[in-house]
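For reference, the chains in residue letters:
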Amino acid sequence: MNPAERNLRYYAALGLAAEASHLAQGYFGRRETLGTTMKGAQDWLTVADGAVEAFLRERLSQLFPGDTVIGEEGGGEASDAVWILDPIDGTANFAHGDRNWCISIGFLVDRRPEIGVVAAPALGELYAARRGGGATLNGAPIKVSGGADIARASIELGWSTRVAAERYIEVIGRTYAAGAAVKRSGSGTLGLCHVADGSSDAYAELHINAWDVAAGIVIAGEAGATINDFFAGTGMAKGNPILCCTPGLAEELRRITGIV
Ligand code: IPD
Ligand code: CA
Ligand code: CA
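It should be emphasised that the depicted structure is a prediction, and the values quoted were computed from it without experimental measurement.

Conventions we followed
Residues numbered from 1 in each chain as written. Chains lettered and ligands numbered in written order. Predicted model: local features only at pLDDT ≥ 70, side-chain atom pairs only at ≥ 80, totals over all residues. Heavy atoms only, no water. Donors = N, O, S within 2.8 Å, 3.2 Å for Na, K, Ca; no water. Helix = DSSP H or I, 4+ residues; strand = E, 2+ residues; numbered from the N terminus. Buried < 20%, exposed > 50% of the residue type's maximum accessible area, 1.4 Å probe, protein only. Pairing = 2+ DSSP bridges. Contact = heavy atoms within 4.5 Å. Axes fitted to C-alpha atoms, helices over the stretch in contact; angles between N-to-C directions. Arc of directions from axis to C-beta. Core = buried A, V, L, I, M, F, W, Y, C linked by side-chain atoms within 4.5 Å. Domains from an automatic or database assignment. Near = heavy atom within 4 Å. Polar contact = N/O pair within 3.5 Å; in protein donor to acceptor, adjacent residues only side chain to side chain. Areas by Shrake-Rupley, 256 points an atom, 1.4 Å probe, with all protein chains shown as cover. 1 Å grid on protein atoms, 1.4 Å probe; cavity = no way out; pocket = protein on both sides within 12 Å on 5 of 7 lines; lining within 4 Å. Sits in = over half its atoms within 2 Å of the grid points.

Visitor: For the coordination of the calcium ion (ligand 2), give the residues involved together with the corresponding values.
Guide: Within the protein, the atoms that donate to the calcium ion (ligand 2) are Asp 86 (OD), Asp 89 (OD) and Asp 212 (OD), at distances of 2.0 to 2.1 Å. A spacing of 3.5 Å is found between the calcium ion (ligand 2) and the calcium ion (ligand 3), which share Asp 86 as a donor. Of this pair, Asp 86 sits in strand β4 (residues 81-89) while Asp 212 sits in helix α6 (residues 210-222); the two residues are 126 residues apart in sequence, bridging distant segments of the chain. One exposure class covers both Asp 86 and Asp 212, and it is buried.

Here you go:
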């Protein structure tokens, strides 16, 4: 894909994120319209998830008919030019009225993440990056914290019922034992963005899906984060562990989390 074609997709993603934000905010502001259901234990679904994904799919297929789309709610096929969407990341937060949720739009060429746009409209935040072009928050450049002392680190450990609670709790224990402060905010995508803007030193999760991280990997990578090779093996189709951190903590966190 040539630079002009990639730039076209970057600006399209920014425009679509703005429109999708408006759509999602409409639901978030009217809780009675959410139609909340459960896909599984602590796995939430609202009407907004389907509506935002349907909107993005329709617009992307009109704009770029040769590209494929994978979305959390509708599935899809990988290709050498694939959009990976999470219409609402942090759906449990969204359903509870917590503003820490976002819309995640990632684009990969030949399995390599190229474009990431993450809109968190309830927070007034837009993260964006193109590979090789740096990362921004609301248009201003961002970078990782640069910290190297685990005893001062603020580390987010993501959790889902896809991994046994014992394994998660074990990693929490090892992280605390190393002296770090541990948090969980309920959006893996924003967790990566917070490593990018330096407000977290690391994000780790033992299993996460491609739509949770496709955009955030570009944003955090462009902000200087060290990230494991998430798309190796079956990462695109089945997910993988993720470790994303400021470089000075990478070696220690690989050891603590077992994610390499
Ligand atoms: C979840 C969130 C959560 C992460 C889970 C994801 P959803 O996505 O990102 O923070 O820990 O792994 O499944 O269900 O809110 O889109
Ligand atoms: Ca998600
Ligand atoms: Ca989701």
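Visitor: Lay out the sheet that holds β4 with the relevant residues and their values.
Guide: Think of a sheet as strands paired side by side through backbone hydrogen bonds, with each pair either parallel or antiparallel. Strand order in the open sheet made by the 7 strands is β3-β4-β5-β6-β7-β8-β9, with mixed pairing throughout. Edge strands, defined here as strands with exactly one partner in the open sheet, are β3 (68-71) and β9 (140-141). Here 6 bridges tie strand β6 (residues 112-120) to strand β7 (residues 125-130), and the two strands are oriented antiparallel to one another. Of the residues in β7, the one forming a bridge with Val 118 is Tyr 127. Strands in contact with helix α1 (residues 3-28) are β4, β5 (102-109), β6 and β7; relative to β6, the strand with the most contacts, it is inclined by about 25°. Running over the sheet, α6 touches β3, β4, β5, β6, β7 and β8 (135-137) and is turned about 100° from β6.

Visitor: Give me the lowdown on helix α8 (residues 250-257), citing residues and values where you can.
Guide: When α8 is considered as a whole, its buried residues turn out to be Ala 250, Leu 253, Ile 256 and Thr 257. Take α8 and look down its axis: the buried residues cluster within an arc of 125°, on one side only. Counted as exposed and oriented over 90 degrees from the buried face of α8: Glu 251 and Arg 255. Residues of α8 that are buried in the fold lie against β10 (154-157), α4 (165-177), β12 (202-208), β13 (226-227) and β14 (240-245). Following α8 by one or two positions, Gly 258 has its phi on the positive side, about 75°.

Visitor: Tell me about the side chain of Ser 21, residues and numbers included.
Guide: Checked against the element boundaries, Ser 21 lands in helix α1. Discounting chain neighbours no more than four positions away, the residues touching Ser 21 are Ile 103, Ala 119 and Pro 121.

Visitor: Pulling in residues and values, what's your account of the coordination of the calcium ion (ligand 3)?
Guide: The coordination sphere of the calcium ion (ligand 3) contains the protein donors Glu 72 (OE), Asp 86 (OD), Asp 86 (OD) and Ile 88 (O), at a distance range of 2.2 to 3.1 Å. Mapping the donors of the calcium ion (ligand 3) onto the primary sequence gives the spacing E-x13-D-x1-I. In this structure Ile 88 comes out as buried when scored by relative accessible area, which is 1%.

Visitor: Lay out the nonpolar core in plain terms, naming residues and giving numbers.
Guide: Counting residues in each nonpolar core, the largest one holds 36 residues, and the members touching the most others are Ile 84, Val 118, Tyr 127, Ile 219, Phe 230, Phe 231 and Ile 242. If one sorts the elements of this core by residue count, α6 sits on top with 9 residues. Split by domain, this core shows at least three residues from each of two domains, domain 1 (3-141) and domain 2 (150-257). Excluding residues that lie within four positions of it along the chain, Val 118 makes contacts with Cys 102, Ile 103, Ser 104, Glu 125, Leu 126, Tyr 127, Thr 189, Leu 190, Cys 193, Ala 215 and Ile 219. Residues Val 52, Ile 115, Ala 119 and Ala 122 belong to the second largest nonpolar core, which totals 32 residues.

Visitor: Pulling in residues and values, what's your account of the site of ligand 1?
Guide: By nearness alone, 16 residues border ligand 1, and Asp 89, Gly 90, Thr 91, Arg 162 and Glu 205 come closest of all. Separating an oxygen atom of ligand 1 from a backbone N or O atom of Gly 90 is a distance of 2.7 Å. At 3.5 Å from an oxygen atom of ligand 1 is found a side-chain nitrogen or oxygen belonging to Asp 212. Protein chains bury 91% of the 380 Å² of accessible surface belonging to ligand 1 in isolation. The pocket occupied by ligand 1, as judged from atoms lying within 2 Å of grid points, is the largest pocket. Elements represented by at least two residues in the shell around ligand 1 include exactly β4 and β12.

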